[in-house]
Structure formats: C-alpha cells, structure tokens
Amino acid sequence: MTEKYDPYENAIAERINGILKQEFSIDKYDTSIKIRRKSIKNAIEIYNEIRSHLSNSMLTPNQMYQQNKLY
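Keep in mind that this is a model prediction, so the values were computed, not measured. (Residues numbered from 1 in each chain as written. Predicted model: local features only at pLDDT ≥ 70, side-chain atom pairs only at ≥ 80, totals over all residues. Heavy atoms only, no water.)

### Brief notes about the environment of isoleucine 16
Inspection of the secondary structure puts isoleucine 16 in helix H1 (residues 7–22). Each C-alpha atom, one on isoleucine 16 and one on isoleucine 44, is 9.4 Å from the other, the two residues being 28 residues apart in sequence. (Helix = DSSP H or I, 4+ residues; strand = E, 2+ residues; numbered from the N terminus.)

So, in structure tokens, the structure goes:
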C-alpha cells in the first residue's frame, strides 16, 4: 500500500512486488516474518547494488543514480 494513494505510486509498488516474487522468489517459502524481512532486505540490496540492468547501460541502479552524465 502506498502512502498517498496515488495510482502512479501503486504501479511502482506493484512493480517492486513483482520483482520480489519473480526474480527472488520471496513468496515461495513459508517462513517467519523475521526471515522474510531479511530476505526482502537482501533482495533489495542485490537489486540496487549488485545486479546490472540493461535499461541502465548495464549499470546498477545505485551506479546510475550517482553518475554525473547520461550514457
């Protein structure tokens, strides 16, 4: 659920949920909330800091955000 109830924010939230489910299989394991939160935290770290993205010229999201010019 998004804070502002904005349809555009909902689309972003749904995209994030889809990535967590499809790429990291967060929903496939019946684990405790503590383990699930840690899994989500690790997945977000991998997504932002390790996994390169074709749409970002094969940079990670953090690398793309920190650059001074577009490629």
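### Some remarks on the confidence of the model for the chain
A low pLDDT means the predicted coordinates there should not be read in detail. Per-residue confidence for the chain gives a mean pLDDT of 85, with 93% of residues at or over 70. Summarising per-element confidence for the chain, the mean pLDDT is lowest in H1 (85) and highest in helix H2 (residues 33–50) (92). (pLDDT = per-residue confidence, 0-100.)

### Some words on H1
Given a rise of 1.5 Å per residue, 16 residues ought to cover 22 Å, and the 22 Å separating the end C-alpha atoms of H1 matches this to within 8%. What H1 keeps buried is the set Gly18, Ile19 and Leu20. The inward-facing, buried residues of H1 contact H2. (Expected span 1.5 Å × (residues − 1). Buried < 20%, exposed > 50% of the residue type's maximum accessible area, 1.4 Å probe, protein only. Contact = heavy atoms within 4.5 Å.)

### Brief notes about the environment of isoleucine 44
Tracing the chain through its elements places isoleucine 44 in helix H2. Distance from isoleucine 44 to phenylalanine 24, taken between C-alpha atoms, is 9.5 Å for residues 20 residues apart in sequence.

### A short note on the pattern of salt bridges
Tallying each qualifying case throughout the model produces one salt bridge. Among the ionic pairs, glutamate 23 bridges to arginine 51, the shortest N-O distance being 3.1 Å. With glutamate 23 in the loop between H1 and H2 and arginine 51 in the loop between H2 and helix H3 (61–66), this pair connects stretches of sequence that are 28 residues apart. Of the residues examined, arginine 51 reaches a relative accessible area of 28% and is grouped as partly exposed. (Salt bridge = Lys/Arg side-chain N within 4 Å of Asp/Glu carboxyl O.)

### Considerations on the side chain of threonine 60
Relative to the elements of secondary structure, threonine 60 occurs in the loop between H2 and H3. The buried category is assigned to threonine 60, whose relative accessible area is 5%. Setting aside residues up to four positions removed in sequence, threonine 60 forms contacts with Asn48, Glu49, Ile50, Arg51, Ser52 and His53.

### Quick word on unusual backbone geometry
In this structure, serine 25 takes a positive phi of about 50 degrees despite not being glycine. Here serine 25 lies in the loop between H1 and H2. Located in the positive-phi region is methionine 58, a residue other than glycine, with phi close to 60 degrees. Of note, methionine 58 is situated in the loop between H2 and H3. Residue methionine 58 is classed as partly exposed on the basis of its relative accessible area, which comes to 48%.

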